[in-house]
There are 2 protein chains.
Amino acid sequence: MLSKKTKYALHALTYLGKHRDEKTILIHDIAEEYGISHKFLENILLELKKAGFLGSKKGKGGGYYLIKEPQDIPLSKVIRLLDGPIAMLPCVSLNYYEPCAECKSETECGINKVMIQVRDETLNILENKTLQDILKT
Amino acid sequence: MLSKKTKYALHALTYLGKHRDEKTILIHDIAEEYGISHKFLENILLELKKAGFLGSKKGKGGGYYLIKEPQDIPLSKVIRLLDGPIAMLPCVSLNYYEPCAECKSETECGINKVMIQVRDETLNILENKTLQDILKT
DNA sequence: TATAAACCCTATAAAATAGATAGGGAATAT
DNA sequence: ATATTCCCTATCTATTTTATAGGGTTTATA
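Residues numbered from 1 in each chain as written. Chains lettered and ligands numbered in written order. Predicted model: local features only at pLDDT ≥ 70, side-chain atom pairs only at ≥ 80, totals over all residues. Heavy atoms only, no water.

As for the protein's contact with DNA strand D
Right, so step 1: Of all residues adjacent to DNA strand D, which total 30 residues, the nearest are Glu42(A), Lys49(A), Ser56(A), Tyr64(A) and Lys39(B).
Right, so step 2: When atoms of DNA strand D within 4 Å of the protein are sorted by moiety, sugar and phosphate together comprise 62%.
Right, so step 3: Interatomic distance of 3.2 Å between a backbone N/O atom of Ile27(A) and a phosphate oxygen of DNA strand D.
Right, so step 4: At the level of elements, helix H3 (38-50), strand S1 (54-57) and strand S2 (63-66) of chain A together with helix H1 (4-18) and helix H3 (38-50) of chain B are the ones that each hand at least two residues to the surface near DNA strand D. (Near = heavy atom within 4 Å. Polar contact = N/O pair within 3.5 Å; in protein donor to acceptor, adjacent residues only side chain to side chain. Helix = DSSP H or I, 4+ residues; strand = E, 2+ residues; numbered from the N terminus.)

Quick word on the interface of chain B and chain A
Right, so step 1: Counting residues at the interface gives 37 residues for chain B, matched by 37 residues for chain A.
Right, so step 2: Both faces combined, the contact of chain B with chain A buries some 3,400 Å², and carbon together with sulfur accounts for 72% of it.
Right, so step 3: Summed over the three residues of chain B that lose the most area to chain A, namely Met1(B), Met88(B) and Glu102(B), the buried surface amounts to 21% of that side.
Right, so step 4: Along the contact surface separating chain B from chain A lie four salt bridges.
Right, so step 5: The closest approach of N and O atoms between Glu102(A) and Lys7(B), which form a salt bridge, is 3.6 Å. (Contact = heavy atoms within 4.5 Å. Buried area = accessible area lost by both parts, 1.4 Å probe. Salt bridge = Lys/Arg side-chain N within 4 Å of Asp/Glu carboxyl O.)

Focus: the domain arrangement of chain A
Residues and elements named next belong to chain A.
Right, so step 1: The assigned domain composition of chain A is domain 1 (4-66) and domain 2 (73-135).
Right, so step 2: Between the C-alpha centres of domain 1 and domain 2 there is a distance of 27 Å.
Right, so step 3: Counting residues at the interface gives 14 residues for domain 1 and 11 residues for domain 2.
Right, so step 4: Summed over both sides, the interface of domain 1 with domain 2 buries roughly 1,100 Å², with 81% coming from carbon and sulfur.
Right, so step 5: There are zero salt bridges connecting domain 1 and domain 2. (Domains from an automatic or database assignment.)

Written out as structure tokens, the structure is:
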């Protein structure tokens, strides 16, 4: 399951995407909209900013705003940033690969093979669906 | 990511599947094969037994054995038993559904829609791949 | 029938991760 | 100047995962 952090990040991006006519959006407003902790969300927005999805402006009248076009933000990138691996096993993760300690031979492991399939199908969706797609509805 | 519990369960089933010619298999032997804790594995095998995948025999000469045919054990069932939901969000889980606290309208949520797609693709694999498939290699 | 082997069951401890909070710092509009 | 708002790091709490402990029950066999 996705962590709350990731869910909140996706919601926040959605909110920012839907309010692109406004110059900046307050953390406060997003937190209120979804009934989540201001401070927790603050940390999340900061991560999204460091990752290059958001810009911000300090001081009175400041806030956050999208700096990428929604169609240029694949869901896979958001999930990997906040949650880490998308794959179901470390041994099939493209971005966070690690061998499984208990596994003698990856190439002979049937579990590995199935999980590669699952990973590929999942990524096929998450790399092609972007913020744009979740804004549509 | 799958928990170690689930990974170990899949490995144990694999081991039992590969030794179906023997009447019973000791916890000890499986634990040793994969270098995992005897006691931890014991709990896992017990769960697999209660779920109807395994049979057991107590006392000297006892042990565990498969009571289902490998092709009748879909990976989805094993994962759900040990790990819980396969879906990425509670609001799209078929077996462990819960609404997302922060979400006002599921039908208007774009994230929900994408995650339904991911769930369906994932299940399409995990419900059709069985222990038989991971034994092949 | 005594003994050792092996699973059965429940509880608890330890470690890791996730979720949340706290508090002061820096920039900026007015 | 002041109030506002993001920036940064640290810490605390709760939850979940992983692992261990220890005795109970069954059974083969000598």
